[in-house]
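# Notes for the structure review
Listed below are the residues making up each chain.
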Amino acid sequence: MKMRILSLLLLAVSVSAFAQTRDSLDLEGTWDFQIDREDQGEIEAWFSKKLKDNIILPGSMLTNNKGNDITIKTQWTGSIYDSSFYFNPRFKKYQQPGDVKFPFWLTPKKEYVGAAWYQKEINISKNWKDRHVFLFLERAHTETVVWLDDQKLGMQNSMVAPHQYELPPELKPGKHTLTIRVDNRIKAINVGPDSHSLTDHTQGNWNGIIGKLKLIATPSIYMGNIQAYPNRERAEVTFKIPVNQLEVHNSKVSLSLQLSTFNTAEKQKLAPLTQSFRLNKQTDTLQITANLGNSVQLWDEFDPALYLADFRLKSKKGTDQQQVEFGVRDFKTEGRFFTINDRPVFLRGTLDNAIFPLTGYPPMDVPAWERIFSIIKNHGLNHVRYHSWCPPEAAFKAADLVGLYLQPEGPSWANHGTALGVGRNIDRYIYEETNRMMQQYGNYASYMMMAYGNEPRGKQVEYLTAFNDYWKQKDTRRLYTGASVGGSWPVIPNNEFMVRGGARDLDWKNRAPQSAADFSDNIKNFSVPFVSHETGQYCVFPNFDEIKKYTGAYKAKNFELFQEDLADHHMLDQADAFFKASGKLQVLAYKYSIEKAMRTPGYSGYQLLSLNDYSGQGTALVGILDAFWDPKPYVSAEQWREFSSETVPLAEFPKFVFTNAETLTADILIAHYGVEQLKNSISWQITDFDGAVLATETFDAGAIDYGLSALGSVKFPLREITEAQKLTLRVAVQDSLFKNHWDFWVFPESLPEVKGSVYECTVLDEKALQVLDEGGSVLLNAAGKIVKGAEVAQTFLPVFWNTSWFQMRPPHTLGFVVDPEHPLFKDFPTDSHSDLQWWSIVNKEQVMHLEDFPPDFKPLIQPIDTWFMNRRLAMAFEAKVGNGKLIMLSVDLNNADKDGAAHQLYYSLKTYMNSPEFDPQTQLDAALIQDLITTPSRQQFDKYTKDSPDELKPEHNGN
């Protein structure tokens, strides 16, 4: 029948893959199995022979412990840019047969890339005579070829949707042999070996079938994949229902529809609809429109209301049934903003990088995804991007129930050996895969955005412009962007929104921390919503207690290597301190990065990379959750939600280090994207270190609309603060959970002179040696003169992503540890980890490499090195030298260009050195001290390769 063209808003629904009332034969359980290493299976007709091994499905070869042992010669699917592991003698001990420890990713128990055969005897019921029967294989990886007995049914290749095979219409009842050949090699279609859909950096290139395995029987006249199009403005939903006939007849059918809500507080059941149609083709597409009444319940992150549509197709051949779940929502753009049901929405997102340590593949059940999504929402987020992969149906179902906005992608990172738009097979495959995504999942309310995939090469502008045009014309139920890219990639001109770098993260390398700047200049040339690409990537030191959690298909051999190497460098006892101290710095960096995005006018969202750790690409520990989505002990979900929520108070600090001669002036804003206008009172207070309130006030803001609003200013003279201390500004929305806070530090403008006999010098000269020999005290300021450790680049911010993937690109450190109870810090307010008052003390300052110091020696200020090197570092240490006492620094705290924090630490240091408490316990030779400024480190990084990741290459337009 002729289809009428509808002008639809961006709306979506949930469609079950098949109705439970259809007859089905479950194929889960034990299958015969055989590995086809030599590709002889088809030549030798293995489909007609009994296979020699067995395996459990659903599952993979890996979860069944099938495949090859891991060796140093294993050929991985994925790029390795740091070849030093293979050539550096330091790593030889981790290359032993039977216990290889790779630093690049989690290590599977087994690996196999190639063809494998799966076989099962099935019994076809005589009741299935003259019925339509098909094989349903959910999430096979990646190419399948199917035989029924010795009849080949075809080949399919999809990483995003179920493989479905039609069984012969003349199928006879009784026993048959079903054989499936699965091949996980990259063959004619190369989506890119680093694509998260198949790379060993993420879920891994597994071989198997992990979801539903069924034979399904329907009447010979049956419904195909229903597509549904709700229209909020017209309060109706239109369904397009493909109806197929095994044999073409002029057939009369009756289609009935019952609509109701099922997860809402107020249940609705609408009047049933029935329409008659006449079929005269192999496939006819029927259309039925239902009115949703005067009280349409809408779907969004706050109230994910869902409807259930029960379809029954009656004919002389029987009754076919499907049930459809759908949510009514509009998701569209208005200039540079997104709206959900006409209300502004700010995307607070994370990436899902396909990290599944227990299985190596994504969960296929709804409860597992509900757990993940509940954790994400509990951290104040409302959005997930799937980097170069598409999750299974269970994820969409769970997101619909929980209320999350998803951006699945085609299964491709068309880079690193492949490209778009240059005539390769991937060009067609991307269209095929995204069409399969639309057919299988395109009706889910949560499926709101789509990109081809991640950061391509090739003729990408031409290809992706055509890709956008194709999808905007074909299916308007979601928004499209050609690709998710970094800031150096070319702009696709017809993107409906941007997922892009170039306007993310902090600029604290060259300027002191502040919270007044935003990204306005970076996004001024974009007229569509801008969502930051892969925000953050701030690293934390490994948590070695996590190793015991890897009880499944993968082992954390990378963590084991890092742990052993840390022990070899005499710091294993500090592992937990390094983990927690670097974690505090990580959270600090994320807080101010996210707040910078939220206070930028016209900014539309961010996508973290990511809320949980990324186990590959050199081991990128960028999450505040581990690879299992479990929390780390240094930040709670409640603490995170202060700056990551639908309503976030913001403060524009010009700086965070003051003297008591100044006045704190900070403008207060609020970013609000809640259910309705904000009408609560908003108050602020300043407290001292002990929690005493120094000042407080309430803003008379009135009703606050959606988006970014200015509330007023905080002005607080600091002259009454006579001692160095940390103060805290807190802003809270009364009678709500919305609050935020910012620590800042106040130091005396002038400090008393410290009297004493400490000899200060910049080299260990004869005078210094004489003072030490006579039992005196020496302060050696070697700033700018350090040689042993000069190769280590330190900034205040931590390692980006990880130093392996970026071939030791700086910075190399992850903050530092100190003992705040040490008398050195008696007059300097500090915790045990980095905080903003330390910026001028540590940023771009040298460190000392203590590679020859006694094994149990601990410095006073100890930077945390990248876990790939694990060098014992120092910025300050104390020791007995000769008959005297020495403190050595690699930073000039008395530099006039430093701020009040550095001068305060210098004062505290001198006070300590002139007190009886200055009593270092470790005896060091003067030559060992001198060695730090004369002799380079023996342990140096050599990348052993000339290649580099694409993020470090200047151009991305080539083939």
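In this convention, every chain numbers its residues from 1, walking through the sequence in written order. Residues qualify for local features only when their pLDDT is at least 70, as the model is predicted, and side-chain atom pairs are given and counted only at 80 or more; totals for whole chains, interfaces and linings, by contrast, use all residues. Only hydrogens and water are removed before side-chain values are computed, so all heavy atoms of the structure are retained for them.

It is worth spelling out the environment of Ser834 at this point. Mapping Ser834 onto the fold places it in the loop between strand 48 (813–817) and helix 11 (839–842). Classification of residues uses two cut-offs on accessible area relative to the type maximum, computed with a 1.4 Å probe and protein chains only: under 20% is buried, over 50% is exposed, and between them is partly exposed. Judged by relative accessible area, Ser834 falls into the buried class, the value being 2%. On a C-alpha basis, the gap between Ser834 and Ala581 in space is 7.1 Å, while along the polypeptide they are 253 residues apart. Residues adjacent in sequence count toward polar contacts only when both atoms are side-chain atoms; beyond that, a polar contact is any pair of N or O atoms within 3.5 Å, and within protein one must be able to donate a hydrogen and the other to accept it. A distance of 3.4 Å separates the side chain of Ser834 from the backbone nitrogen of Phe816, its partner in a polar contact. Helix and strand definitions follow DSSP, with helices as H or I runs of at least four residues and strands as E runs of at least two, each counted in order from the N terminus.

On to the pairing of strand 12 (residues 143–148). The buried count for strand 12 comes to 6 of 6 residues, which makes it a mostly enclosed element. Strands were regarded as paired on the criterion that DSSP finds at least two bridges between them. Here 6 bridges tie strand 12 to strand 13 (residues 151–157), and the two strands are oriented antiparallel to one another. Bridge pairing in strand 13 links Val145 to Met155. Where strand 12 hands over to strand 13, the hairpin turn is made up of 2 residues, of which Asp149 adopts a positive phi near 55 degrees. As paired strands, strand 12 and strand 15 (residues 174–183) are joined by 6 bridges and run antiparallel to one another. When the sheet's bridge partners are listed, Trp147 is paired in strand 15 with Thr179.

For any part of a model where pLDDT is low, the fine detail of the predicted coordinates should not be relied upon. A score from 0 to 100, pLDDT tells how confident the predictor is in each residue. Chain-level statistics for the chain give a pLDDT mean of 95 and a share of 96% at 70 or above. Note on contacts: a residue pair is in contact if any heavy atoms of the two residues lie within 4.5 Å. pLDDT under 50 marks residues 1–20. Its contacts with residues more than four places away, or in other chains, come to 81 contacts. Low pLDDT (under 50) marks residues 952–959, which in the prediction has 21 contacts with non-local residues, meaning those over four places away or in another chain.

For the bond running from Leu57 to Pro58, omega is 0 degrees, close enough to zero to count as cis. Residue placement: Pro58 occurs in the loop between strand 4 (53–57) and strand 5 (59–60). Residue Ser610 is bonded to the preceding Leu609 through a cis peptide linkage, with omega at -5 degrees. With respect to the element layout, Ser610 can be found in the loop between strand 37 (605–608) and helix 9 (637–641). For Gln537, which is not a glycine, the phi torsion comes out positive at approximately 60 degrees. Position of Gln537 among the secondary structure elements: in the loop between strand 35 (530–535) and strand 36 (554–555). Taking the relative accessible area as the measure of exposure, Gln537 reaches 3% and is therefore buried.

This part takes up the sheet that holds strand 38 (residues 647–652). Strand order in this open sheet of 3 strands is 38-40-43, and the pairing throughout is antiparallel. The sheet terminates laterally at strand 38 and strand 43 (707–717), the two strands that pair on one side only. Each adjacent strand pair in this sheet contributes to an overall mean axis angle of 20 degrees, direction not counted. In the sheet, strand 40 (residues 663–672) pairs with strand 43 via 10 bridges, with the strands oriented antiparallel. Considered in strand 43, the bridge of Ala666 is made with Val714. Axis geometry follows a simple rule: fit a line to the C-alpha atoms, using only the stretch in contact for helices, then measure angles between N-to-C directions, giving values from 0 to 180 degrees.

Moving on, we come to a positive patch on the surface. Patch membership needs two things, relative accessible area over 30% and no salt bridge, and members are linked within 9 Å if like-charged or within 5 Å if nonpolar (Val, Leu, Ile, Met, Phe, Trp, Tyr). Note that accessible areas follow from Shrake-Rupley with a 1.4 Å probe, and for residues the cover is restricted to the protein chains shown. Salt-bridge detection follows one rule: a side-chain nitrogen of Lys or Arg within 4 Å of a carboxyl oxygen of Asp or Glu. Charged residues are defined narrowly, with Lys and Arg counted positive, Asp and Glu counted negative, and His plus the chain ends left uncounted. The location of each charge is read from NZ of Lys, CZ of Arg, CG of Asp or CD of Glu. A cluster of basic residues, Lys252, Arg278, Lys316 and Lys317, forms a positive patch at the surface. Of note, Arg278 is situated in strand 22 (residues 273–279).

Another aspect to go through is the pattern of salt bridges. Applying the stated criterion across every chain yields a total of 57 salt bridges. The closest approach of N and O atoms between Glu143 and Lys187, which form a salt bridge, is 3.1 Å. Placement of Glu143 in strand 12 and of Lys187 in the loop between strand 15 and strand 16 (208–209) is noted, with a sequence separation of 44 residues between them. The partly exposed category is assigned to Lys187, whose relative accessible area is 40%. Note that Glu851 and Arg938 form a salt bridge whose closest N and O atoms lie 3.9 Å from each other. Of this pair, Glu851 sits in the loop between strand 49 (848–849) and strand 50 (862–865) while Arg938 sits in the segment after helix 13 (926–931), and the two are 87 residues apart along the sequence. The buried category is assigned to Glu851, whose relative accessible area is 18%. Salt bridges here are not isolated pairs; linked through shared partners, they connect Asp39, Glu143, Arg181, Asp183, Arg185 and Lys187.

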